[in-house]
Amino acid sequence: MTRTPMTLRAHLLVAFVIVAVVPILALSLALTLRVARSQESAAARRLGGALTAVRTRLNELRLVAQARVSALGDRDIPAAQVEDEADLTSPSVLHHDLPIIEILDPAGIVVASHHWPAAIGLPDHDFVFSTDGALRLQAVGEGYAYRERLTLTASHATRWRNQRLTVRGGFFLDEDFLASLATPLGMAVGLRDERHGEWRVTSESPLAAWSSPVLDPRRGQVTLDALTYRWAAEPLEAGLWIVVAIPATELDDVTRELTRLSALATAAAVLAAALAALWFSAWIARPVQRLARALPAVARGERGDPMPVTGAAEVAQLAAEFNRMTAELFESRERLLQAERVAAWREMARRLAHELKNPIFPIQVSIETLRRVFDRGAARYASGEALDNDEFGRLFRESCDTILDELRLLRGIIDEFSRFARLPQPRFAPTDIGLLVEQVLALHRPGAGLVTIETELAPGLPPILADRDLLSHALGNLVANAFEAMPDGGMLRVRTLSTAAGVAVAIEDSGPGIPEEQRLRLFTPYFTTKRGGTGLGLSIAQSIVADHGGRIEVRTEAGRSTTFTLILPSRPPAPAGTRAADRQSD
Amino acid sequence: MKIRAQRRLLDGLPLAVLSALALASLGALGPRYGGRLAIGVLDLDTDGSPSFTRDRGARLLLGLSHETLLALDDAGAIAPSLAQRWSSAAGGREWTLELAETARFHADTPVTADDVVRSLSRFLRSGSPAAALLAARLEGGDAYRRGTSDVLAAISATDVHRVLLRFAAEQATPPAELASPAAAITSADGAGCGPFSLAHVVRGERAALLAFDRHVRGRPFVDSVDLVRYADRPAMRLALEQGKIQAALGESGATARVARLLLLLDTERDLFHSLAARRRVARGFDRDVLVRRFMPEAQTACRLLPNESARCDSPARLDAPNTPDAPLLLTVDSTLNPLASQRVVAHLVALGYRVSVAVLHPDAVVSTPADARLLLWCPEVNESLLALHELALLAGTLKPQQLAVFAAEAAHGPHQATIDEQERSLLATGAVVPLAVAPLAAIGPTPLGVNVTPTGVLLLENTWLPL
C-alpha cells in the first residue's frame, strides 16, 4: 500500500502550528511552574511554622506539667489531710489545674486517680509512647466505660504518711489541646497514632476522614471530602506523628486559572496558526496548483492561457519560466509539425513520383514502340516496302491495352490520394458496433477467398456515437488488410468487447505477423510492403479512429497472428481544433 | 430437710420500708383512701400483657395490674392469692387449687377455673425460666411446652372454682412457679385482676393505673399510680428531688437490697471458654472497692443467694495479662449505676482486655451475643431453687441431669444442702460472678407505704389497710 504524500498546504499547516504553539506552550509552562513553585514554597513555610508552633506548645505544656506535679509531690500531697489515700486526688484536697492526675504506689498500683477513679487499686495500664513516659494513652472514665485519651504528663516522687508514692499529672493532647492551638484560619492540626491506627483530632477536623495516611514522606497532598490539602508531618515519638494540613488556597486557584488560560491561549494560537497557515499556504500554493493543473493540458497539447506572473518573486519566476517553457515547447512543436509536414510532402512527392513513374514507363515504352514501329513502317512505306499491317495492328492493340491499363492504374492512384486528402468531418450518431461489424464483414465476405471468418460479438453492447460510413471504411480497410496478409488462406477472427470507456473491435488474422521494424511504421501514410498498395489504408483507418477519440493497438506474434484492436469511446471528445485546422489546411 | 425454716434462710430480705418516722406518722393519722403515686422507671418495655421480662418497669406494671394464683412471702414461703385453699391427692401427685369466690377481673367478670387453665397453658409456653421448671414437673408438661403436643391434661378445671394439677411425681407443696408474674391469670379478652386496672399504657414512655375496687384483697389504698419512664438516671433523680415522682425504680436509695449485680461470662465464646480464664476474672475482683467507692448503698456479694454470714475472700493479685488487648464485648444493664460499670470495666482492662461496652435494656443484655454481661438481677420468683435454676439458665450451664435435680428438689421441697451444693456448683463454673447486692429503688417523701419486693416489684405496703 502506497502512502499518499502530504500536500504542500498540509506541510505548511503543520509547520505553522508548530511554530505558533511551541513558544506559547513553553511560556505558559514556565509561568505555571514558576507560580506553582512559589506557592509550594509559601505552603511549606506555613506548614513548617505550624509544626514548630505545635512543638513549642507541647514544650510549654511539658514545663507547666512538670512544675505543677513537682509542687504537688513536694508540698501538697505530703501535707494532705485525708483518711483514705484514694481521696488524695480529690479537687477538695489538691488544688491543681491538671485534668490528668493520679497517684501510684511503688508496685505501679493506682492509689488515687482524678481522671479514672475506677482504676483505684488496679495496676496502671497506660500505653506509653515515649521513653520518658510523658506521652501516653490514658483511660478516662466516660459513661459506662472509659475512653483512651492521649496525654502529656510529668511524674514526681512524693510521700504520704510514710508511703513512697509517685504522682503523675498532665494535660490531654487530643481535642482540648488541638482546639487550644492558635493555628492560622483553615489549618487542620492532628495527632496520628500509628500504633492503633487512630487520629487524635477535633470533631470537625478534615483529617479524621484520612483513613490510611502514609506519613513517611513527611509532606504531600491529599484530597479529603473533595477538598485538596497540602500536609506536613513529623514524628513526635515512635508511632505518634504531628500532622498539619492546609486546604488549597487562592494561590492554587490562581495556578489553576493560569493553567486554564495557558490551555486557552495554546488553543487560540493553534486556531490562529491554522487559519494563517491556510491563507498563507493558499497564497503560496495557488500558483503551484495552477501550474500543476496546466501541466496535463500542456501534455495533451493544449496551450491554454499563460500563467499569471504574480505572487512571491520565486513563484512569479516559476510562472514566467513555465510560460516561457510552454511557449518554447509549442514553438518547437510547431517547427516539428512543419518539418513533419515538409517531410510528409516530400514523402508524398516521392511516392507520387514513384507511383506515377511506374505506370508512365510502360506507357512511354508502348508509345515509343508504336512510334518506332510506325516510323519503321513509314520508312518502308517510303521505300516502297510493303507494310505488315497485321503486325502493326497487333502491336498497336497491345500498346493501347498497356497504355489503358497503366492509365487506369494512374487513376486509381490519384483517386486514392484524392480520398485521403478529402476525408470528411465525421457526423456522429448512435451506432450499434456489433451490427456495423456484421455489415462490414458481409460486404467483404465475397473477397475472403480461402480465409475463414469467425465472429465473437459481445451481446448487449451499448451504442456509441460514431460516423457509420467512416467507421465502416476503417473497419473495411483493416479487414482487407487482414485478407491480404493471408494470401494462402487462414482464419480471420473478429470480436467486439466492452471496455470501461466504450467498446473495442479486435480483428485478428492468422497471417505471418509483422516484423518489428515494419510495425513501428504501420500507420505512416504511403508506407506499404505490398505491390500496388498505396500505404494509405491503415493511415486512413487510424485517422478515422482518432477522429472518434479512439486509438488502434497492434499486437503481433511472428509466424502466428496479428491483431488490430480499435478502441472507441462511447462518446467522442470535442473536435480538436488544431487537428481539424491541420487537416483543413492540408 | 425440707422444712419451711430452710426457706427462711433464703434471703427474703424484707424490703426496706419508708422511714420509720414517716410510717409512724401514717399510723398516727390512720389509713385512708386517696392519693396519687408517681413512680419513675428507666425501662417500660411492655404493653401490659403478662410475660417474662427483666425490665423492672414492666415487672412493676405487671405486678400492679395482674394477680397470680399463689404468692410468696418475704421468706419465700407459699401464700394464698387468687387461690385461697389447696389440697393434694394421689400421694401428692394431684393438687387441687380452690379460687377465691370474690376474685373478679377488671371487666367485672368472675375469675373462673377455665381462666386459670387458659392462663397457665399460656404461661407454660412462655420464656419464663419458672415455666420451664414447672413444665418439667407436670405430667406431659414438657411435650406441651416444646409444642410437640397441644394437649395439656395436667391442668384441668374440676368445677368453676377448682383447678386440678397433675404431676409426674409426688409434690410436697403447690408449685412456687405459679407465683411468677408471667403466670398471672387473665380473662379470655386479656383483662387482669390485679389491684390496679390499666387505664392506658404508652410502651416505653408511661402508664396510668387506677385502683380496682373489687380486687380479691380489697381496694388499694391509693387512687392511682402513674409510671413515667426517664431516659437516664440524672433526669429521674432530679424528678425525685423535685417531688415530681415519689419513687424511682432503679435508683439507689434507702430501700431493700434486692438486686444482685452479676458479671456473666459466656462459656460459649472463645474468650471465656476455658475455666481458667473465667476464674482469673472472678478471683481478682475487689468487691470492697466496688461497694465502698462506687456503690455505697450496696453490699459485697460473693454468693448467688442471700446469705448474711457469707464473707468474701480477699481478691487475688491480678496476673500479668495473657492476651494483652484482647477485644472483649461487655453488655451492661442500662439501669446500672455507670460508675459501677466503670469499675468492672477497669478490672477487665487491668486483666489485659480491650473492652467495648454496649449499654442495653436488661432483656437485651442477656439476649445480645457478648463475651460478658453485667446485669442487675432480680429472681423471677423469690424462691431459692427457682432462682438458682434461673441463674443456671442465664449462665448457659444448665445440664439435663441438673434440671432433673432441680425438678426433684422442687417436688419434695428443696433441701438446704442441695441448694448450697447447686449454688457452689454454679459458682464453680466461673460463669456467674456475684459482685454486689444493690438497692433497687429510691423512695422520696410520701405518706404512702412503698417498698420493693425481692423480685424487684415495687410494693405499696399499705394498699389493703382497712379504713
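Analysis parameters
Residues numbered from 1 in each chain as written. Chains lettered and ligands numbered in written order. Predicted model: local features only at pLDDT ≥ 70, side-chain atom pairs only at ≥ 80, totals over all residues. Heavy atoms only, no water. Helix = DSSP H or I, 4+ residues; strand = E, 2+ residues; numbered from the N terminus. Contact = heavy atoms within 4.5 Å. Areas by Shrake-Rupley, 256 points an atom, 1.4 Å probe, with all protein chains shown as cover. Pairing = 2+ DSSP bridges. Axes fitted to C-alpha atoms, helices over the stretch in contact; angles between N-to-C directions. Buried area = accessible area lost by both parts, 1.4 Å probe. Salt bridge = Lys/Arg side-chain N within 4 Å of Asp/Glu carboxyl O. Polar contact = N/O pair within 3.5 Å; in protein donor to acceptor, adjacent residues only side chain to side chain. Nonpolar A, V, L, I, M, F, W, Y, C, P; charged D, E, K, R; others polar. Phe/Tyr/Trp six-rings, centres within 6.5 Å; stacked < 30°, edge-to-face > 60°. Buried < 20%, exposed > 50% of the residue type's maximum accessible area, 1.4 Å probe, protein only. Lys NZ or Arg CZ within 6 Å of the ring centre and 35° of its normal. Parallel < 35°, antiparallel > 145°, perpendicular 65-115°, else oblique. Left-handed = near helix turned anticlockwise from the far one by under 90°. pLDDT = per-residue confidence, 0-100. Expected span 1.5 Å × (residues − 1). Patch = residues over 30% accessible without salt bridge, like charges linked within 9 Å, V, L, I, M, F, W, Y side chains within 5 Å. Core = buried A, V, L, I, M, F, W, Y, C linked by side-chain atoms within 4.5 Å. Domains from an automatic or database assignment.

Counting its regular elements, chain A contains ten helices and 18 strands. Residue pairs at least 24 apart in sequence account for 61% of intrachain contacts in chain A once pairs closer than 6 positions are excluded. When the accessible area of chain A is evaluated, it comes to approximately 32700 Å², of which 57% is carbon and sulfur surface.

Glancing now at the overall build of chain B. Scanning chain B from N- to C-terminus turns up 14 helices and 20 strands. In chain B, 73% of the contacts between residues at least 6 apart in sequence involve partners at least 24 apart.

Attention now moves to the sheet that holds strand β7 (residues 188-193) of chain A. Residue and element names in this part refer to chain A. Pairing is antiparallel across the open sheet formed by five strands, whose spatial order is β8-β7-β11-β10-β9. A strand with exactly one partner marks an edge of an open sheet, and here the two such strands are β8 (198-200) and β9 (219-224). Pairwise comparison of adjacent strand axes, ignoring direction, gives a mean angle of 35 degrees for this sheet. Alignment of strand β10 (residues 227-237) against strand β11 (residues 240-247), held across eight bridges, turns out to be antiparallel. Within the sheet, the bridge partner assigned to Arg230 lies in β11 and is Ile246.

Chain A puts 21 residues into the contact, and the matching count from chain B is 25 residues. For the chain A and chain B pair, buried surface summed over both sides reaches about 1800 Å², with 58% attributable to carbon and sulfur atoms. It is Leu122, His125 and Tyr144 of chain A in chain A that bury the most area against chain B; as a group they hold 39% of the surface buried on that side. Counting every contact that joins chain A to chain B gives four salt bridges. For Glu148 of chain A, the salt bridge goes to Arg354 of chain B, with nearest N and O atoms at 3.1 Å. Connecting chain A to chain B are twelve residue pairs in polar contact (both at pLDDT 80 or more). The set of elements that each furnish at least two residues to the side of chain A that touches chain B consists of β4 (135-142) and β5 (145-160) of chain A. The element best represented in the side of chain A that touches chain B is β5 of chain A, accounting for three residues. Across the side of chain A that touches chain B, the residue classes tally to twelve nonpolar, four polar and five charged.

What follows concerns the packing of aromatic side chains. Under the counting rule described, the total for this entry stands at six aromatic pairs over all chains. Arranged with centres 6.4 Å apart and planes meeting at 85 degrees, the rings of Phe523 of chain A and Phe564 of chain A form a pair that is edge-to-face. Of the two residues, Phe523 of chain A sits in the loop between α8 (516-519) and α9 (537-547) while Phe564 of chain A sits in strand β18 (residues 561-569), which places them 41 residues apart along the sequence. In this pair, the class of Phe523 of chain A matches that of Phe564 of chain A, namely buried. Each member of the aromatic cluster is reached from another via a ring pair, and the members are Trp199, Trp210 and Trp231 of chain A. A cation over an aromatic ring shows up here: Arg149 of chain A above the ring of Phe172 of chain A, its NZ or CZ 3.7 Å from the ring centre. Seen from the ring of Tyr144 of chain B, Arg125 of chain B lies directly overhead, with NZ or CZ sitting 4.0 Å from the centre.

For Asp333 of chain B, the location among the structural elements is in strand β14 (residues 326-333). The exposure class of Asp333 of chain B is buried, given its relative accessible area of 0%. Aside from chain neighbours lying at most four places away, what touches Asp333 of chain B is Tyr144 of chain A together with Arg56, Leu360, Pro362, Val365, Leu374, Leu375 and Leu376 of chain B.

Before going further, it helps to examine the pattern of salt bridges. All chains considered together, the criterion is met by 50 salt bridges over all chains. Residue Glu234 of chain A is joined to Arg55 of chain A by a salt bridge in which the shortest nitrogen-to-oxygen separation is 2.4 Å. Taken together, the positions of Glu234 of chain A in strand β10 and Arg55 of chain A in helix α1 (residues 8-79) put the pair 179 residues apart, joining distant regions of the chain. Of the residues examined, Arg55 of chain A reaches a relative accessible area of 31% and is grouped as partly exposed. With a shortest N-O distance of 2.6 Å, Arg137 of chain B and Glu177 of chain B are connected by a salt bridge. Of this pair, Arg137 of chain B sits in helix α5 (residues 129-137) while Glu177 of chain B sits in the loop between β7 (162-166) and β8 (196-202); the two residues are 40 residues apart in sequence, bridging distant segments of the chain. Classification of Glu177 of chain B by relative accessible area gives buried; the value is 1%.

Time to look at the sheet that holds strand β3 (residues 127-128) of chain A. Paired through backbone hydrogen bonds, the strands of a sheet run either parallel or antiparallel to each other. The strand order across the open sheet built from six strands is β2-β1-β6-β5-β4-β3 (chain A), with neighbouring strands paired in antiparallel fashion. Taken across any chain shown, the strands that pair with only one partner, and hence form the sheet edges, are β2 (110-113) and β3 of chain A. Relative to β2 of chain A, strand β1 (residues 100-104) of chain A is paired through three bridges, and the arrangement is antiparallel. Bridging across to β2 of chain A, Ile103 of chain A finds its partner in Ala112 of chain A. α1 of chain A contacts β1, β5 and β6 (163-172) of chain A of the sheet and is inclined by roughly 50 degrees relative to β5 of chain A. Against the sheet, helix α10 (residues 338-350) of chain B contacts β4 and β5 of chain A, and its axis sits at roughly 80 degrees relative to β5 of chain A.

Glancing now at the pairing of strand β16 (residues 372-377) of chain B. Both faces of the sheet carry side chains from a regular strand, because those side chains alternate between them. All names here are of chain B. The buried fraction of β16 amounts to six of the six residues, a majority that puts the element mostly inside the structure. As defined by bridge partners, β14 adjoins β16 across three bridges and the pair is classed as parallel. Directly across from Val332, in β16, lies its bridge partner Leu374.

Take the packing of helix α9 (residues 287-294) of chain B against α10 of chain B next. Residues and elements named next belong to chain B. For the pair α9 and α10, the least separation of the axes is 10 Å and the interaxial angle reads 150 degrees. Considered as vectors, α9 and α10 are oriented roughly antiparallel to each other. Crossing angle aside, the handedness with which α9 passes α10 is right-handed. Contact residues: α9 offers Val289, Leu290 and Phe294, while α10 offers Leu339, Ala340 and Arg343. Split by residue class, the contact of α9 with α10 holds five nonpolar, no polar and one charged.

All names here are of chain B. Averaged over all residues, the pLDDT of chain B equals 83, while 83% of them reach at least 70. For chain B, helix α1 (residues 4-9) is the element with the lowest average pLDDT, namely 36, and helix α4 (residues 113-124) is the one with the highest, namely 96. The low-confidence segment residues 462-467 (pLDDT under 50) makes 19 contacts with residues lying over four places distant or belonging to another chain.

Take helix α12 (residues 384-395) of chain B next. All names here are of chain B. When the terminal C-alpha atoms of α12 are compared, their 16 Å separation across twelve residues agrees well with the 16 Å that a helix rising 1.5 Å per residue should span. A large share of α12 lies buried, amounting to eleven of its twelve residues. Residues Ser384, Leu385, Leu386, Ala387, Leu388, His389, Glu390, Leu391, Ala392, Leu394 and Ala395 constitute the buried set of α12. Positive backbone phi, at 75 degrees, marks Gly396, one or two positions downstream of α12.

Time to look at a nonpolar patch on the surface. Together, Met6, Val14, Ile18 and Val22 of chain A give the surface a local cluster of nonpolar side chains, amounting to about 350 Å² of exposed area. Relative to the helices and strands, Val22 of chain A resides in helix α1.

This part covers the nonpolar core. Residues and elements named next belong to chain B. Within the largest apolar cluster, 65 residues are counted, with the highest numbers of intra-cluster contacts made by Leu69, Leu120 and Ile155. With eight residues, the single largest contributor to this core is α12. In this structure, this core is formed jointly by two domains, domain 1 (67-193) and domain 2 (257-439), each of which donates at least three residues. Ignoring any residue separated from it by four or fewer positions in sequence, one finds Leu69 in contact with Pro80, Ser81, Leu82, Ala83, Leu97, Leu99, Val116, Leu120, Leu178 and Ile185.

Excluding glycine, most residues fall at negative phi; most peptide bonds, likewise, are trans. In this structure, Arg161 of chain A is a non-glycine residue whose phi angle is positive, near 45 degrees. As for its position among the elements, Arg161 of chain A is in the loop between β5 and β6. Arg161 of chain A gets classed as partly exposed once you look at its relative accessible area, which sits at 47%. Here the phi dihedral of Ala90 of chain B falls at roughly 50 degrees; this positive angle occurs in a residue that is not glycine.

Attention now goes to the environment of Thr368 of chain B. Residues and elements named next belong to chain B. Tracing the sequence through the fold places Thr368 in the loop between α11 (362-367) and β16. Among the residues examined, Thr368 registers a relative accessible area of 26% and is labelled partly exposed. C-alpha of Thr368 to C-alpha of Ala358: the two residues are ten residues apart in sequence and 9.5 Å apart in space. Contacts of Thr368, omitting those with residues within four sequence positions, involve Thr331, Leu360 and Arg373.

The next point concerns the environment of Glu175 of chain A. Residue and element names in this part refer to chain A. With respect to the element layout, Glu175 can be found in helix α2 (residues 175-180). It is 7.5 Å that separates the C-alpha atoms of Glu175 and Ser203, two residues lying 28 residues apart in sequence. Among all residues touching Glu175, those that are not within four sequence positions of it are Arg147, Arg149, Val201 and Thr202.

What follows deals with the confidence of the model for chain A. In the predicted model, chain A carries a mean pLDDT of 83, and the fraction of residues at 70 or more is 92%. Contacts from residues 576-586 of chain A, a stretch scored under 50 in pLDDT, to residues over four places away or in other chains number eight contacts.

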